[in-house]
Amino acid sequence: MPEVIFTGEKGRLEGRYQPAKTRHAPIAIILHPHPQFGGTMNNPVVYNMYYQFVNRGFSTLRFNFRGVGRSQGSFDHGQGELADAAAALDWAQSINPDARACWIAGFSFGAWIGMQLLMRRPEVEGFISIAAPANLYDFSFLAPCPSSGLFVHGDKDAVVPFSAVTGLVEKLKTQKGIVIEQQTVPEANHFFDGKTEDLMEVVGTYLDKRLPGTAKKITAA
């Protein structure tokens, strides 16, 4: 898992990048939780989600937002972090000019940033939002949501009520031309403590449904 440094709006950003083995492989960008509450690219959910995409043949990047780890800058309440995510996608595309598509995956705060990036980049064809903080941040910018994707939530989440995410999902489901799915991980809290394996099973099943043929590659490996 090569360490990488790329240029963001406020200086260097550090990440971990795994290139795909095929020229036209899609790109995946993984976004971590809130920087001021311990969120980093090494969060267990982020780390495991990274490998869900790596194992399915994506060129995959996870990175630290500004002010986290060795990434320069300081927390910017979302606006700067969105610029960081855009810089990450720009960098990944610059070294994968033949990539046929891109996916965005985010956890908590990272899910909010990821959905904003989705609205700005038409090449993003799929998303995974884990524990999307629909009660803490405004998601009304998803009007309309341009891509199909998956929301996953724990039914014991005390930070973001399940009803808040369900309300968002039901609103998005009314849109034509996209398919929004919602899955629940039983007994899981906001951080999926002790439930990461169950969460990854949900994520993997969804990816295999959206990406025909990848399940066979993993089994063969």
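Rules and cut-offs
- Residues numbered from 1 in each chain as written.
- Predicted model: local features only at pLDDT ≥ 70, side-chain atom pairs only at ≥ 80, totals over all residues.
- Heavy atoms only, no water.
- Pairing = 2+ DSSP bridges.
- Helix = DSSP H or I, 4+ residues; strand = E, 2+ residues; numbered from the N terminus.
- Axes fitted to C-alpha atoms, helices over the stretch in contact; angles between N-to-C directions.
- UniProt positions renumbered as here; feature names shortened; annotations may be inferred.
- Core = buried A, V, L, I, M, F, W, Y, C linked by side-chain atoms within 4.5 Å.
- Buried < 20%, exposed > 50% of the residue type's maximum accessible area, 1.4 Å probe, protein only.
- Contact = heavy atoms within 4.5 Å.
- Lys, Arg positive; Asp, Glu negative; His and termini not counted.
- Salt bridge = Lys/Arg side-chain N within 4 Å of Asp/Glu carboxyl O.
- Polar contact = N/O pair within 3.5 Å; in protein donor to acceptor, adjacent residues only side chain to side chain.

The name an unreviewed UniProt entry gives the chain is Xaa-Pro dipeptidyl-peptidase-like domain-containing protein, with Ancylobacter tetraedralis as the organism.

**A short note on the sheet that holds strand S1 (residues 3-8)**
Strand order in the open sheet formed by eight strands is S1-S2-S4-S3-S5-S6-S7-S8, with mixed pairing between adjacent strands. Every interior strand has two partners, whereas the edge strands, S1 and strand S8 (180-185), have only one. Within the sheet, the average angular offset between the axes of one strand and its neighbour, ignoring direction, is 20°. For strand S5 (residues 102-107) and strand S6 (residues 124-130), the ladder comprises six bridges, and the chain directions are parallel. Counterpart to Phe 107 in the pairing with S6 is Ile 130.

**Things to note about the UniProt feature "domain: Xaa-Pro dipeptidyl-peptidase-like" (unreviewed entry) in the chain**
UniProt's feature table lists "domain: Xaa-Pro dipeptidyl-peptidase-like" (unreviewed entry) at residues 17-139, given in the numbering used throughout. Helix makes up 32% of residues 17-139 and strand 20%, whereas the separation of the span's terminal C-alpha atoms amounts to 29 Å.

**Some words on the nonpolar core**
Counting residues in hydrophobic clusters, the biggest one holds 41 residues, and the most contacted among them are Phe 6, Ile 29, Cys 145 and Phe 151. When neighbours within four sequence positions are excluded, Phe 6 is seen to be in contact with Gly 11, Arg 12, Leu 13, Leu 61, Phe 63, Asp 84, Ala 87, Ala 88 and Trp 91. Ile 30, Val 45, Phe 58 and Ala 131 belong to the second-largest nonpolar core, a separate cluster that totals 27 residues.

**Looking at the environment of Ala 164**
If you trace the backbone, Ala 164 turns up in helix H4 (residues 162-173). Taking relative accessible area as the criterion, Ala 164 reaches 22% and is therefore assigned partly exposed. For the pair Ala 164 and Val 152, spaced twelve residues apart in the sequence, the C-alpha separation amounts to 12 Å. Dropping the residues within four chain positions of it, Ala 164 is found in contact with Ala 134 and Asn 135.

**A word on the side chain of Arg 62**
Mapping Arg 62 onto the fold places it in strand S4 (residues 59-63). Here Arg 62 sits buried without a salt bridge, and the closest side chain of opposite charge, Glu 3, lies 9.1 Å off (N-O distance). At a separation of 3.0 Å, a polar atom in the side chain of Arg 62 contacts the side chain of Asn 42.

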